[in-house]
Every structure is written in C-alpha cells, then in structure tokens.
Amino acid sequence: MDRQIYLDNAATTKMSRTAIEAMLPYFDKTFGNPSSLHTAGQRAAEALSYARSKVASLLGCEPREITFTSGGSEADNQAIISAAAIGERQGKKHIISTAFEHHAVLHTLEKLKKQGFEITLLDVGERGLITPQQVGEAIRGDTCLVTIMYANNEIGTIQPIAEIGAVCREKGVIFHTDAVQAAGHIHINVKQQNIDMLSLSAHKFHGPKGIGALYVKKGIVITSVIEGGAQERGKRAGTENIPAIMGMAAAFEEACKSIDENAAKLTVLRDRLIDGISEIPHCILNGDREKRQPSNVNFCFEGIEGESLLLLLDDKGICASSGSACTSGSLDPSHVLLAIGRPHEVAHGSLRLSLSEENTVDEIDYTIKSVKETVEYLRSISPVWRDLASGKKEFVLK
C-alpha cells in the first residue's frame, strides 16, 4: 500500500530537517577530533562546547553537568551504577524504582541485586501512576537512589516528578529520572523539579539515533561505564560524535520551543483516537486518561493477538507497535501491562499508537476505521473469541 501513516513515534521519530542541516558541516568541514590540539580539532571542540551549553540551557542546568552518551540506555546505566557506587561507599545498598521502568533500568537493577543491593519496585496501580507518598514511605536509612521514569514509554503516563524529587531531596536521597520519552515533549527544569540525574535520547524528539545525554547534579561523582580516554572530562571514554551531538542540540532546541503548540494539537488528535477506538467492545485504554502524554494511545483488545493486529495494520499502511521496540523480539507479554494488572491473555492483545505533530485528523480517522475492521476480522477467526462470545469463557474486559 502506498499510503503510510506513522504512529510509532515512541519507538523513534523521523529526523527533522533542522537536525539534519545542523549535522552536515561536521561530516566533512569541521570533522576534527575535539581532543586534538590543532585548529581542526579545536573547531570541533568549540562545536562540542556550544552543543553542551545548548542542551544544558534547555534543561536548566550548567554545561559541566551534561555528559554526552550513546543514548538513553547508556545514560540510565551510568546514572544508576554511579548512584549505587556512592551508596556502597556509604554503606547504603537499597534502591527504589517502579515495576514498569524501561528495561535499561530494570536490567541494571537486576545486576545490582546480584551484587547485594536490595531493590524495591513500587506498585504503579491500574492507572500507571505512583505518588510522592509511596516514595517517601519506601525510603529507608540505607536508601541510596530513587529512579523513576518521567513518562512511561508504553502507556504514556506522566509521574509527579517535581514532587517525588522534593521528597528525595528532603530525605537526602539521589533522585534519577529516565526522561527519554519526556524530553522535548514536556517542559523540564532539573533545578526546579529537584532532579539529581536525568537521561535523554535524541531520536525521541526528531534528532539522530545513537546519541543521548546524562545530566548529573554538580557534586555527584559519576562512575565511568566505558573505560579508555579522558573524553567528557573523564566521565565517558570515546571520541565524541560531533555530528550527532550537533543534531541533538538543534533538534532539542526546536522541540522545546514547540512543546505547548505541539501538545495542544496532539491532545486533540489523541483524544479523538481514544474516543474512536473505545467504541470497540471488550477493549480497554491502558494508563490514566488525563495524566498521559499528548502523543500516547495504548489499548488492549480481548480475544486477539497483538502481533497479528500489527501485521494487518501494516498492510493497511499504518505503522504501530504493541509495546517497547526494545523488546519486540520477545514472546512474553509487556511487563508494563502486567504491572498495571492486565492478565496475560489480555496483555497479549495490546496496541500502542504514538503520534507526532505531523499526523492529521484524516490519518486519525482512517486509523480508527482500520483498527475497528482489523479487530473485528481477527475476532471472527479466533477460537478464543468464539468461546468468549458463546459464553464458554467469561470476558475479562466487560
């Protein structure tokens, strides 16, 4: 089919023309190594300094508090490992997180658990939200880190980050947030929101893939997870990817300038999509209806498999997903949906539609029609659905 409607922006976004044009000069004109002392190298170093200052200003912090990484996963790893190392030196080996974090966080916590750390995963409830009170009650004398994602990558729920940060600040515990889905889409100021560490990734806001950043509050000692040279002030070895860094800075600036405008447009499209899909019997919206990203729609449909739904929608020219792109090869149901209480058989029938400001009302209406037709078709050939419809099995989603 010639028509393509891209609704998988939580997985990655299309690079903006602004980001591409910002990158081009650093492939062939200003191509030097920023660690080199000659003129070509120092021109690259100037570009690196400019980009660092730009990203820092957009986050409300100082340039020296920004370390460039290969993306959000590396930034998450480095933040958590650094806080754990600080905690271990202080005799504190307890970490608080949530049950529906990105696997970059959860898998790092699993490694630390094997090293003797105790991990508390807070219950996010059916709405996919936690409260500052939950965090405060979970903090102990030996807690060294609280790490809670800003906006969930699958169901789009937004946590009360400033309030959680205030609880951590009051109790003297380092607070890290994975803001990969939030940066460039939600206003962020790390100082005002009491954030000690923050991870972001450029390809989620129309920048290039393979580049991200880690904010670390001045005074917190970072542990290097990549050994080698003294790049990034000794905090992250490896020659800096200047073209990608420049693309990220340009894309981030452009995205931050348009947050309010984009959110207003996307909220209308999102709500139209939610209202239309909600007309399908025995389906349910995943995550809180209001406290979610303007771009995120996530549903479960009883009696079908998400993979079949995705393939048939792709035949209709719609690019969607059933959850995180990082776990698309897994046959297991989404850990996020299980964390909010969806049964396995329902979690398997999930659909995530994540919008961008380029989507149109016409595309949304076509998507609603296509999802309705596809769900109806899949149910018509499903023995599970026949058992449910005939009363042999009881519906989970009423």
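Just so it is clear, the model here is predicted, and its values are computed rather than measured.

Criteria and thresholds
- Residues numbered from 1 in each chain as written.
- Predicted model: local features only at pLDDT ≥ 70, side-chain atom pairs only at ≥ 80, totals over all residues.
- Heavy atoms only, no water.
- Pairing = 2+ DSSP bridges.
- Helix = DSSP H or I, 4+ residues; strand = E, 2+ residues; numbered from the N terminus.
- Axes fitted to C-alpha atoms, helices over the stretch in contact; angles between N-to-C directions.
- Contact = heavy atoms within 4.5 Å.
- Core = buried A, V, L, I, M, F, W, Y, C linked by side-chain atoms within 4.5 Å.
- Buried < 20%, exposed > 50% of the residue type's maximum accessible area, 1.4 Å probe, protein only.
- 1 Å grid on protein atoms, 1.4 Å probe; cavity = no way out; pocket = protein on both sides within 12 Å on 5 of 7 lines; lining within 4 Å.
- Points joined across faces, edges and corners; volume = space filled by probe spheres on them.
- Nonpolar A, V, L, I, M, F, W, Y, C, P; charged D, E, K, R; others polar.
- Polar contact = N/O pair within 3.5 Å; in protein donor to acceptor, adjacent residues only side chain to side chain.
- Parallel < 35°, antiparallel > 145°, perpendicular 65-115°, else oblique.
- Left-handed = near helix turned anticlockwise from the far one by under 90°.

**Student:** How would you summarise the sheet that holds strand β5 (residues 143–147) if you had to cite specific residues and measurements?
**Tutor:** Across the sheet, which stays open at both edges, the seven strands sit in the order β2-β8-β7-β6-β5-β3-β4 with mixed pairing between neighbours. Either end of the sheet is taken by a strand with one partner, and the two such strands are β2 (66–69) and β4 (118–122). Across this sheet, the average inter-strand angle for adjacent strands is 20°, counted without regard to direction. Direction of pairing for β2 relative to strand β8 (residues 212–216): antiparallel, over a ladder of four bridges. When the sheet's bridge partners are listed, T67 is paired in β8 with L214. Running over the sheet, helix α4 (residues 72–89) touches β2, β3 (94–98), β5, β6 (174–178), β7 (197–201) and β8 and is turned about 165° from β7.

**Student:** Which residues make up the environment of S73, and what are the values?
**Tutor:** Tracing the chain through its elements places S73 in helix α4. Put simply, S73 and A104 are 31 residues apart on the chain and 5.2 Å apart in space, counted from C-alpha to C-alpha. Not counting residues within four places of it along the chain, the set of residues in contact with S73 comprises H102 and A104.

**Student:** Outline the nonpolar core, listing residues and values.
**Tutor:** One broad rule of soluble globular proteins: the nonpolar side chains tend to lie buried together. With 65 residues, the main nonpolar core has L59 and V135 as its most contacted residues. At ten residues, helix α8 (residues 242–257) tops the list of elements feeding residues into this core. When residues no more than four places from it in sequence are discounted, the contact partners of V135 are I96, L122, I130, V146, I148, I164, V167 and C168. In terms of nonpolar packing, the next biggest core, distinct from the first, is built from 28 residues, L269, F299, I304 and V371 among them.

**Student:** I'd like a rundown of the sheet that holds strand β12 (residues 350–354), residues and numbers included.
**Tutor:** Sheets are built from strands that pair by backbone hydrogen bonding, the pairs being arranged parallel or antiparallel. The antiparallel open sheet is built from three strands, whose spatial order is β9-β10-β12. The sheet is open, and its two borders are formed by β9 (283–285) and β12, each paired with just one other strand. Taken over all neighbouring pairs, the strand axes of this sheet differ in orientation by 20° on average, direction set aside. Bridging between β9 and strand β10 (residues 296–301) involves three bridges; their strand directions are antiparallel. Its bridge partner being in β10, C283 is matched across the sheet by F301.

**Student:** Mind laying out empty space enclosed by the protein, listing which residues take part and the relevant values?
**Tutor:** Counted by the stated rule, this structure contains one cavity of 30 Å³ or more. Put simply, the largest cavity is a space of about 140 Å³. N9, A10, H185, S295 and L355 are, among the 17 residues lining the largest cavity, the residues nearest its centre. When grouped by side-chain class, the residues that make up the lining of the largest cavity number three nonpolar, twelve polar and two charged.

**Student:** Please give an account of the side chain of S321 that cites residues and values.
**Tutor:** Along the chain, the position of S321 falls in the loop between β11 (318–319) and α11 (335–339). Looking at S321, its side chain comes within polar contact range of the side chain of D8, at 3.3 Å. Setting aside its immediate chain neighbours within four residues, S321 contacts D8, L310, L351 and R352.

**Student:** Mind laying out the packing of helix α10 (residues 306–315) against helix α13 (residues 361–380), listing which residues take part and the relevant values?
**Tutor:** For any two helices packed against each other, the geometry comes down to the angle between their axes and how far apart the axes lie. Axis separation between α10 and α13 bottoms out at 10 Å; the angle between their running directions is 130°. By the angle between their directions, the pair α10 and α13 is classed as oblique. Crossing of α10 over α13 shows right-handed handedness. Mapping the contact onto sequence places S308, L309, L312 and L313 in α10 and S370, V371, T374, V375, Y377 and L378 in α13. Considered class by class, the residues forming the contact of α10 with α13 number seven nonpolar, three polar and no charged.

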